[in-house]
Amino acid sequence: MNKIQDNRAWFLVMPVFVIVAMSAIIPLMTVVNYSVQDIFGPGNRVFVGAEWFIDVLGDRRLQEALWRQFLFSGLVLLIEIPLGVMIALTMPKRGWGVSATLVLIALPLLIPWNVIGTIWIIFTRPDIGLFGVIVNALGLGFDHTASPLDAWVTVMLMEVWHWTPLVALLAYAGLRAIPDAYYQAARIDGASAWAIFRYIQLPKMRGVLTIAVLLRFMDSFLIYAEPFVLTGGGPGNSTTFLSIHLVKIAVGQFDLGPAAAFSLIYFLIVLLFCWLFYQALQSVGTGDRA
Amino acid sequence: MAHVRLDGIAHSYSGGAAEADWALKTLDHDWRDGGAYALLGPSGCGKTTLLNVISGLIIPTRGRILFDGKDVTALPTEARNIAQVFQFPVIYDTMTVYDNLAFPLRNRGFPGPEIDRLVRQVAGMLDLADDIGRRARNLSADAKQKISLGRGLVRPDVAAILFDEPLTVIDPHMKWKLRRKLKEIHEQYRLTLVYVTHDQNEALTFADTIVVMHEGRILQVGSPQALFERPQHTFVGYFIGSPGMNLIDCRLDGETARIGEAAIPLAGALKGAAGTAPSGALRLGIRPEFLTLHDAQGPGRVEVAIRTVEDLGNYRIVTALLGDTALKIKLDEEAPIPADRAWLAFPPGRTLLYHDDRLIEASP
Amino acid sequence: MTISLSDVSLVVGAETWLSDISLDLGPGAPHVLLGPTTAGKTSLIRILAGLDRPSTGRILANGADVTGKSVRKRNVAIVYQQFINYPSFTVYENIAAPLRRGGLPRKEIDSRIREVAALLHIDALLDRLPAELSGGQQQRTALARALVKDADLLLLDEPLVNLDYKLREELRAELREIFARRPSIVVYATTEPTEALLIGGRTVIMDAGRILQSGATAEVYKRPATVRVGEVFSDPPMNMIAGRVAAGRARLGSSLELPLGRHLAALADGPYIFGARCGHLFIDRRADDDLAIPGVLELAEINGSETFIHARHEETSWVAQEEGVHGLALGQPVTLYINPRHLYAFDDAGRLAAAPSGG
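- Taking an unreviewed UniProt entry as the reference, chain B is identified by name as sn-glycerol-3-phosphate import ATP-binding protein UgpC belonging to Oceanibacterium hippocampi.

- Naming follows an unreviewed UniProt entry, where chain A appears as Inner membrane ABC transporter permease protein YcjO of Oceanibacterium hippocampi.
- Annotation of chain A in UniProt includes, under Sequence similarities (unreviewed entry), the sentence "Belongs to the binding-protein-dependent transport system permease family."
- Turning to chain A, the UniProt annotation filed under Subcellular location (unreviewed entry) states: "Cell membrane".

Printed below as a string of structure tokens:
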């Protein structure tokens, strides 16, 4: 389209340029800068090329954290997406129940991340927490500060409790956008409830579920606050996910070079996986059969 | 295939009992087995409500609906053996054309070879055979609408197929092809078809019998010709035809109808009927096509003033004033139009009388 | 005020949306842009409104170049296909909106709103919100907003296409009268030949981004310059059949023969395309020299007062428009008749070679 030219329009675009530059481009360039140099002090730096990258990739602790991270994000997706869809399917479609349910479901989303951690620490404590006491009373011996499995369970619970509502809300919005005619046609075609879900609701939710998968993957892959508040990455290294490990390197050991290289790799992994998910979900059920 | 009978059907969405609350006001109607019907009316006339009553998506507040004499009022849609084509194409996005067509049969547990035979037969008839392996979502709107129709046709037990303004999203140049396809299918299968539309062109082209609805009532049931030539109600006269029927307030004076000072002679048969009409608003109705314009006085002609002439290529629409009343006259492009003074003739056989909007039937 | 476009083109990406549009627009009679959906009517309207800038070419208003001038500086009113109103304003406020900027006295604004509302028969609805109106009433409100500000240029882009046909019928007749009384330049885009004929004035036939023909509406209708114009400015499209003229006789298709008289007498020997409007084909013989076209009925379309009879003769589909309502069965044999005096002839490049006298 050949729009009318008016150079004053640049003033409207300027703020976005400034914000993007400040928030993304400049910090990212700083990181790139750190990742290829060894810095001893102001004015005292050495170009080291890919050395930090090779270092970091060979670090066993980091590799462990990476696999831990994939396991965690995979579990999050496997639990939250189906659970969110199930919740959305059971939510009322009209009447006063709609707004009541929406508020209830959205509540966990309104709580700050570190507060969530605190809530769950108390909730699952074996001595005073409601959950911890009950589970221990059942003879299961639950203690997230001592058992890696229990720590994982607690982090998962936190994550699922906190974020499944988001998936549910997105899925609900997707379901509400399906015109009534589809349900009527399906009834006329004699479709079962499962067939309606499989052939109408699921395909029509693809768009919102793509967004849900991307958001939940990115978010869970970058998880920091919850395990940090809960156990600081322990017991041992059992809940040391990538970002916790990164902070340990950068802040704890002040190894800025490796930390910067690691950050870039981390960023590229997230980008790559988001792209893969997006491509996969977009191509499901489209195109002609070859 | 089935004969569908509406017995005292009435429906109110709000549950209120006041006149205005009833979307459908007590309807009785028989849908003949194998008939092609159109439900025609402006938006809000209740035609979609009636369609949903037949399909079972709405349970009517009052009355019964019978398929071949069997009361199905309380039966859900899936138990009624009807099929429906909606305004917007409803297809199963992830399935191929074949799987879309096979879907209703698979749901009903038909054996595989039987499904294959029926699906291929219907695909062939709808000219979808070449696309049978393609994803349905990649097809054009008209092909999708044919798939919607095909999912109804494929069922050997289907009693009636209902259409809810199915050509809304179809390109104009494709519309007549689809209309023709529907006609062919009706001739071949003789299914009971009910077609809801606000478009007279679609209704009259598609159906043998048109049911004209207005404000929750059935005003007339008849052939396209009957709706055009003898509208039973002034609304039908106005709604069918472009421009619609001229409707003029008049009073009776012996054997003529008087409009102001002008006297319009009536057909022999109408004289007696009109004489017995009780008091009430009388209107004279005549189609623009039937009025004739002359440049000289003659028996039964009334003088008019010509206001505008619209040239529409093949024909012209003349607006003429008879006293204060504007009348539309449709003339062939080659018919002469008088220059200054003009006289209008009302052919008696084509001039109809309405009492309180209802046609006064002439007893022969 | 007059507006002229000279050699205006619009290229978007690799596609040419408009090419070499030259057009003079003035007040006095509405200008109808008639063409199929992708003809470029909306692009042209957007350029006229100043919403888009042409790739090449100039736009002159009263002789002054306004090519790059934005819509806000031009005195333009637009009505779109969609009913566009401010959802939170009443009908009154909607109509008032374009006047608010002008700094008119309150009483003047009020009287102008009531006048235009009365003209469009929405004076009883002034306190309602758009959501409480029918489609026809919403479009009347949008029209009122366009009419109230006495724009120099009034642009209408298929304003009736989303309305029921009865409403369309009523509004068309009203619009014609409203346009006749306005001093502004009116440009009215439509895909429907009937609408062009009803609005009258002048017609510009567009197809694939080009102007095919322009002139007084009746004149364009009676003398379509090309085959394509005949197809576009005819509903249903003009019947066309390839033929050949030799020794004072014409052969249409493979079996129809007729002697050439009247307007066709001067045709030189060679290949032609013959055209006939459906309104000139009948299912009964009306004159001795009528050409009989035997065929098979494909469909009888009934639009309320007329029947369109689609019949196939050899490889060609013919459409005849018959007055009144006729029920005909599919597949039955039907013979259509046309009098040679109604035939158009186009040469093999598609240009008009002979047109019936008087249409």
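Continuing now.
## Points about the interface of chain B and chain A
How big an interface is tends to be stated in terms of accessible area lost as the parts join.
Okay, so step 1: Facing 23 residues of chain B, the contacting portion of chain A comprises 20 residues.
Okay, so step 2: Its residues assigned to classes, the side of chain B that touches chain A comprises 10 nonpolar, seven polar and six charged.

## Observations concerning the domain arrangement of chain B
Residues and elements named next belong to chain B.
Okay, so step 1: Each assigned domain of chain B is listed here: domain 1 (4-238) and domain 2 (244-359).
Okay, so step 2: Domain 1 and domain 2 are separated by 39 Å when their C-alpha centres are compared.
Okay, so step 3: Contact with domain 1, which involves seven residues of that partner, is made by 10 residues of domain 2.
Okay, so step 4: Split by residue class, the side of domain 1 that touches domain 2 holds two nonpolar, four polar and one charged.

## Here's the deal with the UniProt feature "domain: ABC transmembrane type-1" (unreviewed entry) in chain A
Okay, so step 1: When the UniProt feature table is mapped to this numbering, "domain: ABC transmembrane type-1" (unreviewed entry) covers residues 66-277 of chain A.
Okay, so step 2: Here residues 66-277 of chain A runs as 76% helix and 0% strand, with 18 Å between its end C-alpha atoms.

## Concerning the nonpolar core
Okay, so step 1: Counting 115 residues, the largest nonpolar core has Tyr37, Ala38, Leu39, Val194 and Tyr195 of chain B as the members making the most contacts within it.
Okay, so step 2: If you tally residues by element for this core, the top one is helix H2 (residues 97-107) of chain B, at six residues.
Okay, so step 3: Aside from chain neighbours lying at most four places away, what touches Ala38 of chain B is Tyr195, Thr197, Ala203, Phe206, Ala207, Ile210 and Val211 of chain B.
Okay, so step 4: Of all hydrophobic cores here, the second largest spans 66 residues; its members include Phe179, Val204, Val229 and Val232 of chain C.

## As for the UniProt feature "transmembrane region" (unreviewed entry) in chain A
Okay, so step 1: Per the UniProt record, "transmembrane region" (unreviewed entry) is annotated on residues 12-36, 70-89, 101-123, 160-178, 207-225 and 259-278 of chain A.
Okay, so step 2: Counted over residues 101-123 of chain A, helix gives 74% and strand 0%. Its end C-alpha atoms are 24 Å apart.

## With respect to the confidence of the model for chain A
Okay, so step 1: Averaged over all residues, the pLDDT of chain A is 83; the fraction at 70 or higher stands at 95%.
Okay, so step 2: Taken element by element, the predicted model of chain A shows its lowest mean pLDDT in strand E1 (residues 37-41) of chain A (73) and its highest in helix H9 (residues 193-204) of chain A (91).

## Comments concerning the pairing of strand E1 (residues 3-12) of chain C
Residues and elements named next belong to chain C.
Okay, so step 1: Pairing of E1 with strand E2 (residues 15-25) involves seven bridges; the strand directions are antiparallel. Within E2, the position partnered with Leu10 by the bridge is Leu18.
Okay, so step 2: Connecting the antiparallel pair E1 and E2 is a turn made up of two residues, with Gly13 showing a positive phi of about 60°.
Okay, so step 3: Here E1 pairs with strand E4 (residues 56-61) via five bridges, running antiparallel. Residue pairing for E4: Ser9 is matched across the bridge by Thr56.

## Some points on the environment of Arg307 of chain B
Residue and element names in this part refer to chain B.
Okay, so step 1: Take Arg307: it is sitting in strand E17 (residues 301-311).
Okay, so step 2: For Arg307, a count of 11 C-beta atoms within 10 Å gives the class exposed.
Okay, so step 3: Once the C-alpha coordinates of Arg307 and Thr319 are considered, the two residues, 12 residues apart in sequence, prove to be 5.5 Å apart.
Okay, so step 4: Dropping the residues within four chain positions of it, Arg307 is found in contact with Thr319, Ala320, Leu321 and Ala326.

## Here's the deal with the environment of Leu252 of chain C
Residue and element names in this part refer to chain C.
Okay, so step 1: The residue Leu252 is located in strand E12 (residues 249-252) in this model.
Okay, so step 2: The class for Leu252 is buried, based on 23 C-beta atoms found within 10 Å.
Okay, so step 3: Residues Leu252 and Arg58, 194 residues apart in the sequence, show an inter-C-alpha distance of 46 Å.
Okay, so step 4: Discounting residues that sit within four places of it in the chain, Leu252 has contacts with Ile241, Gly243 and Phe274.

## Quick notes on the packing of helix H3 (residues 60-90) of chain A against helix H7 (residues 148-176) of chain A
Residue and element names in this part refer to chain A.
Okay, so step 1: Across the interface, H3 lies against H7 with an axial gap of 7 Å and an inter-helix angle of 45°. Between H3 and H7, the angle falls in the class oblique. Taken as a pair, H3 and H7 cross one another with a handedness that is right-handed. Residue-level contacts link Leu75, Val76, Ile79, Glu80, Ile81, Leu83, Gly84, Val85, Ile87 and Ala88 of H3 to Met156, Glu159, Val160, Trp163, Thr164, Val167, Ala168, Ala171, Tyr172 and Leu175 of H7.

## A short note on helix H13 (residues 256-283) of chain A
Okay, so step 1: Over its 28 residues, H13 of chain A runs 40 Å from end to end, which matches the ideal 40 Å to within 8%, given 1.5 Å per residue.
Okay, so step 2: Those residues of H13 of chain A not exposed but buried are Gly257, Pro258, Ala259, Ala260, Ala261, Phe262, Ser263 and Tyr266 of chain A.

## Structural notes on helix H3 (residues 106-119) of chain C
Residues and elements named next belong to chain C.
Okay, so step 1: A rise of 1.5 Å per residue sets the reference length of H3, with its 14 residues, at 20 Å; its end C-alpha atoms lie 20 Å apart and thus fit the reference within 8%.
Okay, so step 2: Buried within H3 we find Ile113, Val116 and Ala117. Taken down its axis, H3 places every buried residue within 105° of arc, on the same side. Residues of H3 that are exposed and point over 90 degrees away from its buried face: Lys107, Glu108, Ser111 and Ala118.
Okay, so step 3: Check the buried side of H3 and you find it contacts helix H2 (91-100) and helix H4 (135-148).
Okay, so step 4: Just downstream of H3 lies His121, where phi reads positive at about 60°.

## Observations concerning the sheet that holds strand E10 (residues 217-222) of chain B
Residues and elements named next belong to chain B.
Okay, so step 1: With mixed pairing, the six strands of this open sheet are ordered in space as E6-E7-E8-E3-E9-E10. Taken across any chain shown, the strands that pair with only one partner, and hence form the sheet edges, are strand E6 (82-85) and E10. Each neighbouring strand pair of the sheet contributes to a mean axis angle of 20°, computed without reference to strand direction.

## Some points on the interface of chain C and chain B
Okay, so step 1: Contacts between chain C and chain B engage 25 residues on the former and 30 residues on the latter.
Okay, so step 2: No other element matches the four residues that strand E16 (residues 291-302) of chain C contributes to the side of chain C that touches chain B.
Okay, so step 3: In terms of residue class, the side of chain C that touches chain B is built from nine nonpolar, nine polar and seven charged.

## Section: the packing of helix H10 (residues 206-221) of chain A against H13 of chain A
Any two packed helices are characterised by the angle at which their axes cross and by the distance between the axes.
All names here are of chain A.
Okay, so step 1: Close contact between H10 and H13 brings their axes to 10 Å; oriented N to C, the two are set at 160°. With respect to H13, the element H10 is oriented roughly antiparallel. Between H10 and H13 lies a crossing whose hand is right-handed. Contacts between H10 and H13 involve Arg206, Thr210, Val213, Leu214, Phe217, Met218 and Phe221 from the first element and Val270, Phe273, Cys274, Phe277, Tyr278, Leu281 and Gln282 from the second.
Okay, so step 2: Considering only residue class, the contact of H10 with H13 consists of 11 nonpolar, two polar and one charged.

## Points about the confidence of the model for chain B
Okay, so step 1: Per-chain confidence: chain B averages 86 in pLDDT, with 95% of residues scoring 70 or above.
Okay, so step 2: This prediction of the complex comes with two scores: 0.79 for pTM and 0.79 for ipTM.

## Describing the environment of Asn303 of chain C
Okay, so step 1: By secondary structure assignment, the location of Asn303 of chain C is in the loop between E16 and strand E17 (306-313).
Okay, so step 2: Residue Asn303 of chain C is classed as buried on the basis of its C-beta count, with 21 C-beta atoms lying within 10 Å.
Okay, so step 3: Separated by 178 residues in the primary sequence, Asn303 of chain C and Leu125 of chain C have C-alpha atoms spaced 32 Å apart.
Okay, so step 4: Residues in contact with Asn303 of chain C, not counting those within four places in the same chain, are Gln200, Asn201 and Leu204 of chain B.

Rules behind the numbers
Residues numbered from 1 in each chain as written. Chains lettered and ligands numbered in written order. Predicted model: local features only at pLDDT ≥ 70, side-chain atom pairs only at ≥ 80, totals over all residues. UniProt positions renumbered as here; feature names shortened; annotations may be inferred. Contact = placed C-beta atoms within 7 Å. Nonpolar A, V, L, I, M, F, W, Y, C, P; charged D, E, K, R; others polar. Domains from an automatic or database assignment. Helix = DSSP H or I, 4+ residues; strand = E, 2+ residues; numbered from the N terminus. Core = buried A, V, L, I, M, F, W, Y, C linked by C-beta atoms within 7 Å. Buried ≥ 20, exposed ≤ 12 C-beta atoms within 10 Å, placed from the backbone. pLDDT = per-residue confidence, 0-100. Pairing = 2+ DSSP bridges. Axes fitted to C-alpha atoms, helices over the stretch in contact; angles between N-to-C directions. Parallel < 35°, antiparallel > 145°, perpendicular 65-115°, else oblique. Left-handed = near helix turned anticlockwise from the far one by under 90°. Expected span 1.5 Å × (residues − 1). Arc of directions from axis to C-beta.

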